[in-house]
Amino acid sequence: MTINTDVSIPEFIVKEFSPKKSKYCLCIPIINEIGRIDIQLKKMKTLGIDLLIDIIICDGGSTDGSTNPTMLKNFGVNTLLIKNDTGKQGAQLRIGFWWGLQRGYEGFVTIDGNNKDSVESIPLFIEQLDSGFDFIQGSRFIKGGSAINTPLLRYISILLIHAPIISITARHRFTDTTNAFRAYSKKYLSHEAVQPFRSIFQTYELLAYLSTRASQIRLKVTEVPVSRIYPKGEKTPTKISPFRGNLNILSILIKNAFGVFLPR
């Protein structure tokens, strides 16, 4: 395994409930998702997802009971990683990926912890990892996928801004580029031309970067159909603020397109 020795991993605490049991792990970054992550984990337990893949919670410092150890163990969670440092989603994923590589996982599936995504689609990502793909993007906009109650502004932004910029940067057409329901191979994350364990990846930079780097270096990429359901008549569950957050994402897309996040 080739990993840049100049790595930056946020400080974190490990609460291991079970030993490594699977070839792959499912990383779920969360912060204060009680009422959503518990429902999602219960659904996965019912489907037997915890028997197919090790479930790893990458917590950003929840204070609402989202990471209650008894609850997590009852729902089949393998390990809880708690970030004890600065950074947001990018920092949480760096922790999960780094720890998972040290533990010997051959690939990683990622999914949000707010109960919007079709957890029943997880086996599709496992199948594609087994088939040798290095980056698998979940998409609600391809055949077999489903977008339910997607906010109109978000739909238009994906269609006209986010997906075109990511696709041009990646030199490969992707259709659902804001979707964090994805999978990455060990080969991809440990590739010397990728180097994801750098402090530049604090918020949403890592998602944008990993969306484009695989096809740039000619690794195998594909999309699989998924569903994403937004609650009807409720506030959209998201950590991205409408104006400042979206402006920050646009800035990240432009930086990524100009190669700001490439290894130096």
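Not measured: the values here are computed from a predicted model. (Residues numbered from 1 in each chain as written. Predicted model: local features only at pLDDT ≥ 70, side-chain atom pairs only at ≥ 80, totals over all residues. Heavy atoms only, no water.)

> Residue-level account of the sheet that holds strand E9 (residues 221-225), with values.
Taken together, the eight strands give an open sheet; going across it, the order is E1-E4-E3-E2-E5-E8-E6-E9, and neighbouring strands pair in mixed fashion. Every other strand in the sheet has two partners, leaving strand E1 (12-16) and E9 as the edge strands with one partner each. Adjacent strand axes in the sheet meet at a mean angle of 20 degrees when their direction is disregarded. Bridge analysis of strand E6 (residues 135-139) against E9 gives five bridges, and the strand direction is parallel. Bridging from a neighbouring strand, glycine 138 pairs with valine 224 of E9. Its contacts with the sheet place helix H4 (residues 89-103) against E1, strand E2 (24-30), strand E3 (54-59), strand E4 (79-83), strand E5 (107-110) and strand E8 (182-185), and it is angled at close to 135 degrees to E4. (Pairing = 2+ DSSP bridges. Helix = DSSP H or I, 4+ residues; strand = E, 2+ residues; numbered from the N terminus. Axes fitted to C-alpha atoms, helices over the stretch in contact; angles between N-to-C directions. Contact = heavy atoms within 4.5 Å.)

> How would you explain the pattern of salt bridges if you had to name every residue and give the values?
Under the criterion given, the structure shown has eight salt bridges. For lysine 186, the salt bridge goes to glutamate 106, with nearest N and O atoms at 4.0 Å. You can see lysine 186 sitting in helix H7 (residues 186-189) and its partner glutamate 106 sitting in the loop between H4 and E5, a full 80 residues away along the chain. Using a relative accessible area of 25% as the deciding quantity, one classes lysine 186 as partly exposed. (Salt bridge = Lys/Arg side-chain N within 4 Å of Asp/Glu carboxyl O. Buried < 20%, exposed > 50% of the residue type's maximum accessible area, 1.4 Å probe, protein only.)

> Describe the side chain of asparagine 78, and please don't skip the residues or the numbers.
Along the polypeptide, asparagine 78 turns up in the loop between helix H3 (69-74) and E4. Polar side-chain contacts of asparagine 78 include one of 2.9 Å to the backbone oxygen of proline 19. (Polar contact = N/O pair within 3.5 Å; in protein donor to acceptor, adjacent residues only side chain to side chain.)

> Describe the side chain of aspartate 117, and please don't skip the residues or the numbers.
Summarising the element assignment, aspartate 117 is placed in the loop between E5 and helix H5 (122-130). Residue contacts for aspartate 117: discarding those within four places in its chain leaves Ile111, Asp112, Asn179, Phe181, Ser227 and Arg228.

> Give me the state of the cysteines: which residues, what numbers.
The final tally for this structure, using the stated rule, is zero disulfides. Summary of cysteine pairing: cysteine 27 is not part of a disulfide, and the nearest cysteine sulfur, belonging to cysteine 25, is at 4.0 Å. Unpaired in this structure, cysteine 58 has its nearest cysteine sulfur neighbour in cysteine 27, at a distance of 4.3 Å. (Disulfide = S-S within 2.5 Å.)

> Residues and numbers for the packing of aromatic side chains, please.
Under the criterion given, the structure shown has twelve aromatic pairs. Through a chain of ring-to-ring contacts, the aromatic side chains of Phe97, Tyr105, Phe108, Phe135, Phe174, Tyr184 and Tyr188 assemble into a single cluster. In this structure, arginine 198 is placed above the aromatic ring of tyrosine 209, and the distance from its NZ or CZ to the ring centre is 5.5 Å. (Phe/Tyr/Trp six-rings, centres within 6.5 Å; stacked < 30°, edge-to-face > 60°. Lys NZ or Arg CZ within 6 Å of the ring centre and 35° of its normal.)

> Before we move on, could you go through unusual backbone geometry and cite the residues and values that matter?
Phi at asparagine 149 takes a positive value of approximately 60 degrees, unusual for a residue other than glycine. The topology assignment puts asparagine 149 in the loop between strand E7 (146-148) and helix H6 (152-170). When its relative accessible area of 38% is taken as the criterion, asparagine 149 is described as partly exposed. Backbone geometry places arginine 218, a non-glycine residue, at a positive phi of 65 degrees. Along the chain, the position of arginine 218 falls in the loop between helix H8 (205-216) and E9.

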